[in-house]
Every structure is written in C-alpha cells, then in structure tokens.
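# A closer look at the structure
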Amino acid sequence: MAFLPVDDQLELISRGTEEVIPLTDLRKKLEKSISDNKPLTVKLGCDPSRPDLHIGHGVVLQKLRDFQDLGHQAVLVIGDFTAMIGDPSERNKTRPQLTLEEAKVNAKSYIEQSKVLLDVKRLKVIFNSAWLNKMNFEDVIKLSSKYTVARMIERDDFTKRFESETPISMHEFLYPLAQAMDSVEINADVELGGTDQKFNLLVGRDIQREYGQNPQSIITLPLLEGTDGVEKMSKSYDNYIALDDSPEDMYGKIMSINDSMILKYYKLAVFADRKKVNEVKSLLKDDTNNPRDIKRNLAKDLVKKYYSEKEADLAQSSFDQIFVKRDNPENMQVRKIDSDVGLLELITEEGLVASKGEGKRLLNQNAIKINGQVCNDINFVISSSEKEYVIKVGKRRFLKVISVSYTHLRAHETRHDLVCRLLL
C-alpha cells in the first residue's frame, strides 16, 4: 500500500500525545516502513481487570486507530495472564489478582466495546497467556536476570511504597517483565500506553534489546480526568463516561463537566484536529461567549464520534427537554406491572441503578423522584392500583411504570357503567 509521507504521519501520530520516546527512532522506522512498503507493528496491551471501558480508555484506543488509518498493523494484546499478576502502576498497595477465567470473561467484553473505535477487520487480537503460560521456572529466572532490583526500585510507585514501608510483593516486580515479553513475542515496533505506563513501556525497550531486537518506540498519552475534573476517569470514582453509555447519558455527563475541562475533552475525548482545537481556544478566550454553548457543541461532537449526527441531535433535544424546558423525556424506558413491586427492586431490575446498595444511597441523597416528588423511603412500594408512575433516578435516568391491572380495572369499570346506562 502507499503510505503517507513521514511528516504527515507524524502530524496525526503526535496529536494528543504526551511523549514520543525517542522521536528520532520513530521517524527512522516510518521511513523504513515506506521504503520497504511494510507496515509497523503497533502494540497496545490491556489487562482486562474490569469488564467495562470508558472514554478515558478511548484516548489510547483512538491512537491505535490512528495507526490503523495510516496503514500500520495494530495488535491488541489482551493481558489475560498479566491480569493475574496485577499492574502496580499508580498503586499504593498490591492490586487484587484475578483468575485466568475472570480475566477471559472481562476480555470478551473489552474486545466487544473496543469495536466502536477500532477497525476490527484489520485488528490482530492475541492473548498473552499463549506464551507466558508456557514459560517454566528456568525461563522466569533467565528473564529476571536481565533486569536489576535497583532499576525496578526507581519506579515511583515502588519508591513511595518502599519509603512508607508499604509491602511490595515479589510478583509485582515480575509484571513489567511479563509485559515486556509481550513486546518480544510480537517484535513490536511501537507500543502505546497512558502516562502511568511509561515505566512498563521503557522496560519493554530494555528487554527487547536483551533479546536482540530493535527496541520499540514508545508513545504515551495523557490520562483523562473524569467528569469531576479532579481524579482520573474511573468507575471507582463514579466520574466516568462509558463507551456503551446511551447518547443521552453521554451528552448529559459532558454538560456536567467543569468549564476548565472543555479544551482537554476536545483534545483527548473527541480527538479534534489542530484547526478545531485552535477554534475552541479562541471561543473560550472571548468573554462574550457563554462556555455552556461551547460545551453543548462538545457534547454533540462526542456523541457523534461514538454514535451518529442524528443520535447527537436527539440527545441534545432530550437534554433540552429535561433540563431547559424541565419536561420529562418523550422516549422513556417503560415497565408494565400487574402487581405491587418494591421501588428498590424495580429500579435495580431495570438497570437504573447497579445494585440495591446504590439505590439506597441515592434515596438517602434525595436523588430519586417519583412523579416529580423526592422519595427517600427505601421501603416504598409501586402500587399496581395506580395508573402510572414516572421515576427519575439522578439527573438523566427515567422509567415510566404502567399498571396493567389498573388498565384492566378501568376497562372493566367502563364496560360496567355502559351496561348500567343501557339497562336504565
């Protein structure tokens, strides 16, 4: 295939990145790729420690897609084996270990969700248990001999834990070495990762060199703060926008971010080009512009990226109806009931909350409304003798409950009244 000139490739590759290490090496690899008419092998390793992905993960997935669009071979290395070790990056204590079975279940969800950004027809997906599981103790000793404890302790996470006398398990030292073997196995030309992965990626370069390979170039990408604008995006902090969130939820969550995050979200969540970024910068500097209007455009652009322009327009209309006009959305989730049901049970079954525990927490926070009235009764019962209820959970989750029993009862009463009038 015909590759773009090196400078054109580097313009796209460097967009939204934190570091390219070393840039001169990457340029040489791109030049050789063009002269040999051979794509680079670009690696992204991911440990399926959780089954869900958010737009923070989308930052590095989009960069992998950029390489695909440039004609290079993208390789998604699913760390089903390394997930059993647990990545010590950004951890102040030992990460819980998964079983191989748990990791594989999460991996299925991970791959499915990544399809929204990656071209799966041109994506190579491999599991690192295929080679790491085959290593015997002699192989592990040989690998461990290629890296020193002194170098390992240079890692910030380990240094802080060592100084604070927080335990560091021996198996955690093996994590970056195992991840490095992934690069050796596929002979990676480039590896991508968040800034928190820099140490691991550098170890990969060292170990490739030890095995006689040309060290991979490294591209690190910034970590995206969540909707709170403080902590990095994570389900643990409840500040995330999931890749499989509905268009309405995506739009609404973007509208909740701090104005100071607008430009960063354009760069990392939407992956806007330089022209668009400069345009947004100018709009934000102009005091006559309301940041809310710029944020509305951001929300639409994000929904369009993951769904479509039509879905983005509908999401904006829904948001305006709920938050500007203060009306209920037109297309609400509907549940029909023919008998009484507990509120907590209902909203959990319908997916408005992840668990009854979350439902109780939201009730205590006055974050649940029934027919426009705040409800904080954990024992509240939705009665089938009432025609319908509109339940609102948080700011954007709605459920209309329609009583089948009430409908049948009213139909029976109507027929009874009609018979009585005829008899009279």
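You'll find the structure just up there.
A short tour of the structure in this document, coming up. All values reported here derive from a predicted model rather than from experimental measurement.

### Quick word on the nonpolar core
Nonpolar side chains in soluble globular proteins generally cluster together in the buried interior. Counting residues in each nonpolar core, the largest one holds 68 residues, and the members touching the most others are Ile-55, Leu-192 and Tyr-265. Those residues within four positions of Leu-192 in sequence are excluded, and the remaining contacts are Val-42, Lys-43, Leu-44, Val-60, Lys-63, Leu-64, Phe-67, Leu-201 and Ile-219.

### Points about the pairing of strand 3 (residues 73-78)
Counting buried positions along strand 3 yields five of six residues, so the element is predominantly enclosed. Pairing analysis gives six bridges linking strand 2 (residues 41-46) to strand 3, with the strands arranged parallel. For Val-42, the partnering residue across the bridge sits in strand 3 and is Ala-74. Alignment of strand 3 against strand 4 (residues 123-127), held across five bridges, turns out to be parallel. From the neighbouring strand, Ala-74 faces strand 4, where its bridge partner is Leu-123.

### A few points about the pattern of salt bridges
Scanning the model with the defined rule gives 25 salt bridges in all. A salt bridge links Lys-43 to Glu-191, with the shortest nitrogen-to-oxygen separation between them at 3.0 Å. Here the residue Lys-43 occupies a position in strand 2, and Glu-191 occupies one in strand 5 (residues 190-194), the gap between them amounting to 148 residues. Residues Lys-43 and Glu-191 agree in their burial class; the two are buried. Where Arg-361 meets Glu-358, a salt bridge forms, and the shortest distance between an N and an O atom there is 4.0 Å. Highlighted residues: Arg-361 and Glu-358, both in helix 18 (residues 356-364), separated by three residues, approximately one helical turn. A relative accessible area of 17% means that Glu-358 is categorised as buried. Among the charged side chains, a salt-bridge network with shared partners connects Arg-65, Asp-69, Asp-119 and Arg-122.

### Observations regarding helix 2 (residues 23-36)
Taking 1.5 Å as the rise per residue, helix 2 with 14 residues should run 20 Å; its terminal C-alpha atoms sit 20 Å apart, in good agreement. Listing the buried residues of helix 2 in full gives Leu-26, Lys-29, Leu-30 and Ser-33. Down the axis of helix 2, the smallest arc covering the buried residues is 100 degrees, so these residues share one side. Among the exposed residues of helix 2, those oriented more than 90 degrees off its buried face are Thr-24, Lys-28, Lys-32 and Ser-35. Residues of helix 2 that are buried in the fold lie against helix 1 (6-13), strand 1 (19-21), strand 5 and strand 6 (217-221).

### A few points about the environment of Thr-348
For Thr-348, the position within the fold is in helix 17 (residues 343-349). Between the alpha carbons of Thr-348 and Ile-337 there is a distance of 15 Å; along the sequence they are 11 residues apart. Among all residues touching Thr-348, those that are not within four sequence positions of it are Val-353, Ser-355 and Lys-356.

### Let's talk about the sheet that holds strand 6
Pairing within the open sheet is mixed, and its six strands lie in the order 1-6-5-2-3-4. A single partner strand is all that each edge strand has here, and the edge strands are strand 1 and strand 4. Taken pair by pair, the neighbouring strands of this sheet meet at an average axis angle of 25 degrees, ignoring direction.

### A short note on the packing of aromatic side chains
Overall, the coordinates contain one aromatic pair when judged by the stated rule. Geometrically, the ring pair formed by Tyr-251 and Phe-319 is tilted, given 5.3 Å between the ring centres and 55 degrees between the ring planes. Of the two residues, Tyr-251 sits in helix 12 (residues 247-255) while Phe-319 sits in helix 16 (residues 309-324), which places them 68 residues apart along the sequence. Here Tyr-251 and Phe-319 have matching classes, each one buried.

### Regarding the pairing of strand 12 (residues 388-393)
Bridge analysis of strand 9 (residues 368-370) against strand 12 gives three bridges, and the strand direction is antiparallel. Pairing of Lys-369 across the sheet is with Lys-392, part of strand 12. Both strand 12 and strand 13 (residues 397-403) contribute to a ladder of six bridges, which runs antiparallel. Counterpart to Val-393 in the pairing with strand 13 is Arg-397. The hairpin formed by strand 12 and strand 13 contains three residues between the paired strands, and Gly-394 there has a positive phi angle of roughly 65 degrees.

### Some remarks on the sheet that holds strand 7 (residues 333-337)
Ordered by their spatial adjacency, five strands build an open sheet running 7-13-12-9-10, and the pairing between neighbours is mixed. The strands lining the two open edges of the sheet, one partner per strand, are strand 7 and strand 10 (373-374). In the packing of helix 18 onto the sheet, the strands contacted are strand 9, strand 12 and strand 13, and the crossing angle to strand 9 comes to about 80 degrees.

Criteria and cut-off values
Residues numbered from 1 in each chain as written. Predicted model: local features only at pLDDT ≥ 70, side-chain atom pairs only at ≥ 80, totals over all residues. Heavy atoms only, no water. Core = buried A, V, L, I, M, F, W, Y, C linked by side-chain atoms within 4.5 Å. Buried < 20%, exposed > 50% of the residue type's maximum accessible area, 1.4 Å probe, protein only. Contact = heavy atoms within 4.5 Å. Helix = DSSP H or I, 4+ residues; strand = E, 2+ residues; numbered from the N terminus. Pairing = 2+ DSSP bridges. Salt bridge = Lys/Arg side-chain N within 4 Å of Asp/Glu carboxyl O. Expected span 1.5 Å × (residues − 1). Arc of directions from axis to C-beta. Axes fitted to C-alpha atoms, helices over the stretch in contact; angles between N-to-C directions. Phe/Tyr/Trp six-rings, centres within 6.5 Å; stacked < 30°, edge-to-face > 60°.

That's the geometry; what it means functionally is another story.
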